[in-house]
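This is what each chain is made of:
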Amino acid sequence: MVMMNAAVVTSFQEPPHYQAFETPRPAVETGEVLADVLAAGLHPRVRSGAAGSHYTSSGTLPMIPGIDGVGRLPDGRTVYFAAGDDVLGTMADKAVVDPRRSVELPDGTDVAKVAAAMNPAMSSWVALRRRVPLKPGQSVLVLGATGNAGAMAVQVAKRLGAGRVVGAGRDQGRLAVLIPAGADEVVQLTDDPDATASALAAAAAEADIVIDYLWGKPAQQAIMALLTARGDRGRQLDWIQVGAVTGPTLDLPSVALRSANFRLQGSGQGSVSPRGYLAELPSLVQEITAGTITVRANLVPLSDVGDAWTRSEIPGERTVLVP
Ligand SMILES: NC(=O)c1ccc[n+]([C@@H]2O[C@H](COP(=O)([O-])OP(=O)(O)OC[C@H]3O[C@@H](n4cnc5c(N)ncnc54)[C@H](OP(=O)(O)O)[C@@H]3O)[C@@H](O)[C@H]2O)c1
């Protein structure tokens, strides 16, 4: 048996342990190869997979976490790749790469940046290209704009042609950073629901698209704040549900759907097909390597995966594990 080192989840209640694990065998007949992993991002999606709580989880243990990464192929090329299943992930010395789920990276690419940025950037890139294609000049509100994905959504919306982008989030310091990143206005979400509703209405009542990373109470309040303040309720408002940082459910008054041209949909694995995601990989890689979408990667040795799991994330940074 050929062994490698990997982050291994043996219980959904515990962080992964760095230990020896059998090296996976690629299905060479379908073109799969075994790559040396160079970097793998510790995204919220990776955490929920490793906790067995993501909606795609099969519940199989032991498992190696990691949904994507950057690897070096046997022929020497460096690629960004997405893992094929939820059991043998990317947080290991080696991982199976299906060429159909990979994109070659140009020489000199900052591999940590690509590993850090692809997942959070993909959330808005796919939402605004596959779910509700953004029309040039449209107005976008990013709800939950102070996280990695939210901050990138501001940049992505601008890059895809938005005329106005408003970022709404909790942390004032992180909100301030969004203005030089391209936001036209920011709104602070506070514990005062009336003040927050007024501020959201003033800044974003005429939004065409909302990219929502929060859900739960803040989204519930924001939906009603925007709809009731809208000049023309017949004008379409597309709400794209992307993350659920503040809760898995909300109470939606039926009147929200009757009294306004309000369209609610999500964007994620399932609502966008694997083929749809794969089609977006090359252009997104290009944006990240060109520096249009920025991210700060915090590099951690894979052997420290246990600590990395339990340490709180540095705001504005994405932990990237390096074998
Ligand atoms: N559907 C998709 O395609 C897709 C893809 C990638 C990510 N996602 C999801 O998107 C979400 C964000 O991902 P991420 O990578 O940006 O994670 P992240 O970097 O950890 O950001 C999460 C942010 O949420 C903010 N937050 C926490 N509680 C809040 C509250 N009560 N009100 C307002 N903001 C709050 C925090 O910012 P402050 O501390 O500054 O408030 C934090 O920075 C996750 O749920 C993730 O699973 C979805």
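In this report, we go over the structure that sits alongside the text. (Residues numbered from 1 in each chain as written. Predicted model: local features only at pLDDT ≥ 70, side-chain atom pairs only at ≥ 80, totals over all residues. Heavy atoms only, no water.)

### Remarks on the overall build of the chain
Here's step 1: A count of helical and extended segments in the chain gives nine helices and 15 strands.
Here's step 2: In terms of overall size, the chain behaves like a compact globule, its C-alpha atoms giving a radius of gyration of 20 Å where 323 residues would be expected to give roughly 20 Å.
Here's step 3: Along the first, second and third principal axes, the C-alpha set of the chain runs to 65 × 40 × 35 Å.
Here's step 4: Contacts spanning at least 24 positions in sequence make up 70% of the contacts within the chain whose residues lie at least 6 apart. (Helix = DSSP H or I, 4+ residues; strand = E, 2+ residues; numbered from the N terminus. Rg over C-alpha atoms; globule rule 2.2 N^0.38 Å. Contact = heavy atoms within 4.5 Å.)

### Some thoughts on the pattern of salt bridges
Here's step 1: The final tally for this structure, using the stated rule, is 15 salt bridges.
Here's step 2: Arg-25 serves as the salt-bridge partner of Glu-22, at 3.6 Å between the closest nitrogen and oxygen.
Here's step 3: Here Glu-280 makes a salt bridge to Arg-130, at a shortest N to O gap of 2.8 Å. Of this pair, Glu-280 sits in helix α8 (residues 274–290) while Arg-130 sits in helix α2 (residues 111–131), and the two are 150 residues apart along the sequence.
Here's step 4: One connected set of salt bridges, linked through shared partners, spans Asp-75, Arg-77 and Glu-104. (Salt bridge = Lys/Arg side-chain N within 4 Å of Asp/Glu carboxyl O.)

### Looking at the environment of Val-111
Here's step 1: Looking at the element boundaries, Val-111 is found in helix α2.
Here's step 2: For the pair Val-111 and Pro-315, spaced 204 residues apart in the sequence, the C-alpha separation amounts to 21 Å.

### Things to note about the sheet that holds strand β10 (residues 185–188)
Here's step 1: Within the open sheet, the six strands sit side by side as β10-β9-β8-β11-β12-β13. Their pairing is parallel. Where the open sheet ends on each side, the last strands, each with one partner, are β10 and β13 (262–266). When the angles between neighbouring strand axes are averaged without regard to direction, this sheet yields 20 degrees.
Here's step 2: As paired strands, strand β8 (residues 139–143) and strand β11 (residues 209–212) are joined by four bridges and run parallel to one another. Within the sheet, the bridge partner assigned to Leu-143 lies in β11 and is Asp-212.
Here's step 3: Contacts between helix α5 (residues 193–204) and the sheet are confined to β8, β9 (164–169) and β10, with β10 contributing the most and set at about 165 degrees to the helix. (Pairing = 2+ DSSP bridges. Axes fitted to C-alpha atoms, helices over the stretch in contact; angles between N-to-C directions.)

### Quick look at the packing of aromatic side chains
Here's step 1: Under the counting rule described, the total for this entry stands at one aromatic pair.
Here's step 2: Ring geometry for Trp-239 and Phe-262: centres 6.1 Å apart, planes at 75 degrees, overall edge-to-face. Taken together, the residues span a long stretch of sequence, with Trp-239 in strand β12 (residues 237–241) and Phe-262 in strand β13 at a distance of 23 residues. Exposure class is identical for Trp-239 and Phe-262. Each is buried.
Here's step 3: Residue placement shows Arg-47 over the ring face of Trp-309; its charged tip is 5.6 Å from the ring centre. (Phe/Tyr/Trp six-rings, centres within 6.5 Å; stacked < 30°, edge-to-face > 60°. Buried < 20%, exposed > 50% of the residue type's maximum accessible area, 1.4 Å probe, protein only. Lys NZ or Arg CZ within 6 Å of the ring centre and 35° of its normal.)

### Points about the packing of α5 against helix α6 (residues 216–229)
Here's step 1: Contact geometry for α5 and α6: axes closest at 9 Å, N-to-C directions at 50 degrees. Put simply, α5 runs oblique to α6. Classified by chirality, the crossing of α6 by α5 is right-handed. On the side of α5, the interface is formed by Pro-193, Ala-197, Leu-200, Ala-201 and Ala-204, while α6 contributes Gln-221, Ala-222, Ala-225, Leu-226 and Ala-229.
Here's step 2: Across the contact of α5 with α6, the residue classes tally to nine nonpolar, one polar and no charged. (Parallel < 35°, antiparallel > 145°, perpendicular 65-115°, else oblique. Left-handed = near helix turned anticlockwise from the far one by under 90°. Nonpolar A, V, L, I, M, F, W, Y, C, P; charged D, E, K, R; others polar.)

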